[in-house]
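Tertiary structure, described
Below, each chain spelled out in residue letters.
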2 protein chains.
Amino acid sequence: MVTKNKTIHTAPSPTSMEEVLLIYQEDILSVENQIKEALSSQIGLINDVFYYILKSGGKRLRPLLLIMTSRLFNYRGTEHIILGSVMEFIHTATLLHDDVVDEASLRRGKKAARMVWGNQASILVGDYLFSRAFIEAVRLKRNEVNLLLSKTCQILSEGEILQLIYTRNFSMTEKDYLNIIEFKTASLISLACQLGGVIGGAAEGELESLSRFGLNLGVAYQMADDTLDYTAEKDLLGKTLGQDFREGKITLPILHLMLKCTPKEKSKIEEMFNQSHLPEKDLELIQDLLGDYGSIQYALDQAEVFSQKAKQELSSLPSSPHKDGLLIMADYVIARNF
Amino acid sequence: MVTKNKTIHTAPSPTSMEEVLLIYQEDILSVENQIKEALSSQIGLINDVFYYILKSGGKRLRPLLLIMTSRLFNYRGTEHIILGSVMEFIHTATLLHDDVVDEASLRRGKKAARMVWGNQASILVGDYLFSRAFIEAVRLKRNEVNLLLSKTCQILSEGEILQLIYTRNFSMTEKDYLNIIEFKTASLISLACQLGGVIGGAAEGELESLSRFGLNLGVAYQMADDTLDYTAEKDLLGKTLGQDFREGKITLPILHLMLKCTPKEKSKIEEMFNQSHLPEKDLELIQDLLGDYGSIQYALDQAEVFSQKAKQELSSLPSSPHKDGLLIMADYVIARNF
């Protein structure tokens, strides 16, 4: 035991995201293989739709966090691989359903699955993946895992429903926005961190720290992501610029702008929000206003605040290369510029 | 054949569906209350959508079978009430998603939920209900229940996907049809019967009998139900007559008809199947052909065969009023004429 701990702790700490990815490369590969193994449905359409999304990229952020948090406690079993695949099943299921709900045409720079196989297949394959996630999780016979997983899935759906309710609704506050992104995004990221702790044998207080680390990191991630809808290089974003605006999704930059701009500008924005089509020049006007009023910067500053909060949550945990890796992750999720 | 052995059990055996409903009335009421309790979401829209469907009727067939099969083993706990609600959560979730996938306008004689709240809310509240089902089930800390539940949810989605694949596809065989209805309908009914056995402490062989009883009963139910799409009294059906045909769903009566009719009639039917609109006179022609070739009768005969198979599965179980009730259920599911 002592020797093992020493070995782990003498391993060099990562100093960049590239090094983090290198350290956990093997585990991530095992997760990929686990996913492929579990997805050998006799129904070709299911495999087709899932592989399409799987192959279109994605950062495997949730499996990675689960692996890293399990390693914090020197976990050496195989459950992190199975649960890593479970995270990806759930995440993919939500993407499939979200794209139908949002009527999205692009996802990660490719046609959304619903544009290739239709809404019907996207809904049903999403349902299949939710079930598949539970089958894999239940096999571990860990009641705590089952309970956390099912509760998180409920919260995810509640987040999406809240987002639907607040579509084109300017009574929405920053608190409502925070609530929505906590539910629809941060809850699953928090789950990944908690599950790593559960299988690693973390104490109750440590689990709570991991849960809050993941929640804050998830909020930071989504806040930064929401700015990209207005600022990204078109070719790198992988979806249409201004897509959130077109879908009537009010995100933090817009909330800030609506508070700061003149009444006349406010009416103009509301008007643009309610029209079915958003011409390029209108989007440019929005982008200019977001710049002029510092609304993008405000959102990025808030993302930074939550990233710092996330890091703070790890302060009670002992130093290790894995903890250093998690701190790097907290910086990374707000540093993407595409 | 129904044999009534009252020597051991002093409670009288039911002799009709009305008596069955009376015997389990209290438990069904407890299930209804359990459902209402679990569904006090802070998000009003979720409660609204769910109550709408809940109040629109439904036979509570799955909770009833679960209660009855648990009673077969003199079960006296409260898990049958919780699992009864789980069955109804899953069933309602599938109805919400099915209606979106089928673009259905009516359900149980009322506007489908998607026509009131939209496809988006129907998809997301469906997701919420799936999660809710798992939360309730997981709380029982019974691994066998979790495993059976998650596997069945996977099979349900596979059934819907198979049905989608075979839409307007005349290469479909009777075996394909059987496969689809086993997956999309009978599997959940079979699960209800198995779960009753699991909590009642049934032996492995008894569980297998219950599983097959439920599967055959479910197939019989769906086969009979599929004839109603062509034969029901319009006002009693609660959905549009000929709806399956309009949606391109090939059911047993149509499969039989296509095998028996002339090549000319066959082309005519295929042609009608591929047009977007089905005029009343075309539906009447189909109904006439189904009558002339005995296709409705064939499907009803097959339903009867599966109902008998279901009853046969109970022969190894000791006589009791509950068993008599289950035998009545097997007759009831094919005897509905609306």
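Here the structure is shown first, and the text comes after it.
Residues numbered from 1 in each chain as written. Chains lettered and ligands numbered in written order. Predicted model: local features only at pLDDT ≥ 70, side-chain atom pairs only at ≥ 80, totals over all residues. Heavy atoms only, no water.

**A closer look at the side chain of R60 of chain A**
Residue and element names in this part refer to chain A. For the record, the criterion: For the purposes of this entry, the term helix denotes a DSSP run of H or I that reaches at least four residues, the term strand denotes a run of E that reaches at least two, and both are numbered from the N terminus. Using a 1.4 Å probe on the protein chains alone, a residue whose accessible area is under 20% of its type maximum counts as buried, one over 50% counts as exposed, and one in between counts as partly exposed. Polar contact is defined as a pair of N or O atoms within 3.5 Å, subject to the rule that within protein one atom must be able to donate a hydrogen and the other to accept it, and that residues adjacent in sequence are counted only when both atoms are side-chain atoms.
Considering the arrangement of structural elements, one finds R60 in the loop between α4 (44–55) and α5 (61–72). Judged by relative accessible area, R60 falls into the buried class, the value being 9%. One polar contact links R60 to E88, side chain to side chain, over a distance of 3.3 Å.

**Observations regarding the environment of Q120 of chain B**
Using the following cut-off: The contact criterion used is simple: two residues touch if any of their non-hydrogen atoms lie within 4.5 Å.
With respect to the helices and strands, Q120 of chain B occurs in helix α6 (residues 113–138). Here Q120 of chain B falls in the partly exposed class, since its relative accessible area comes to 32%. For the pair formed by Q120 of chain B and P63 of chain B, sequence separation is 57 residues and the distance between their alpha carbons is 28 Å. In this view, Q120 of chain B contacts V101 and L164 of chain A; residues no more than four positions away in its chain are not counted. At 2.6 Å, the side chain of Q120 of chain B and the backbone oxygen of V101 of chain A are in polar contact.

**Here's the deal with the packing of helix α4 (residues 61–72) of chain B against helix α5 (residues 79–102) of chain B**
In a packed pair of helices, the relevant descriptors are the angle between the two axes and the axis-to-axis distance. Residue and element names in this part refer to chain B. Our working rule: Simply put, an axis is a line fit to the C-alpha atoms, just over the touching stretch for a helix, and the angle between two N-to-C directions goes from 0 to 180 degrees. In this scheme, roughly parallel covers angles under 35 degrees and roughly antiparallel covers those over 145, while 65 to 115 is roughly perpendicular and the rest are oblique. Note: crossing handedness is left-handed where the near helix turns anticlockwise from the far helix by less than a right angle, and right-handed where it turns clockwise. Each residue is assigned to one of three groups, with Ala, Val, Leu, Ile, Met, Phe, Trp, Tyr, Cys and Pro labelled nonpolar, Asp, Glu, Lys and Arg labelled charged, and all others, Gly among them, labelled polar.
The N-to-C vectors of α4 and α5 enclose an angle of 150 degrees; their axes lie 8 Å apart at closest approach. The orientation of α4 with respect to α5, classified from their angle, is roughly antiparallel. For the pair α4 and α5, the crossing hand works out as right-handed. Every residue of α5 that contacts α4 at R62, P63, L66, I67, S70 and R71 is listed here: H80, L83, G84, M87, E88 and H91. Residues belonging to the contact of α4 with α5 are distributed by class as follows: 5 nonpolar, 4 polar and 3 charged.

**Brief notes about the interface of chain A and chain B**
How we decide: Put simply, buried area is the surface a 1.4 Å probe can reach on two separate parts but cannot reach once they are joined, added for both. Take a side-chain nitrogen of Lys or Arg and a carboxyl oxygen of Asp or Glu: if they are within 4 Å of each other, that pair is a salt bridge.
Contact with chain A, which involves 36 residues of that partner, is made by 36 residues of chain B. Of the roughly 3,400 Å² buried at the junction of chain A and chain B (both faces included), carbon and sulfur atoms supply 74%. Ranking the residues of chain A by area buried against chain B places L124, Q154 and I161 of chain A at the top, with a combined share of 17%. For the pair chain A and chain B, the interface holds 0 salt bridges. Inspection of the region where chain A meets chain B yields 10 residue pairs in polar contact (both at pLDDT 80 or more). Broken down by secondary-structure element, the contributors of at least two residues to the side of chain A that touches chain B are α4, α6 (79–102), α7 (113–138) and α8 (143–165) of chain A. Per-element tally for the side of chain A that touches chain B: the top contributor is α8 of chain A, with 14 residues.

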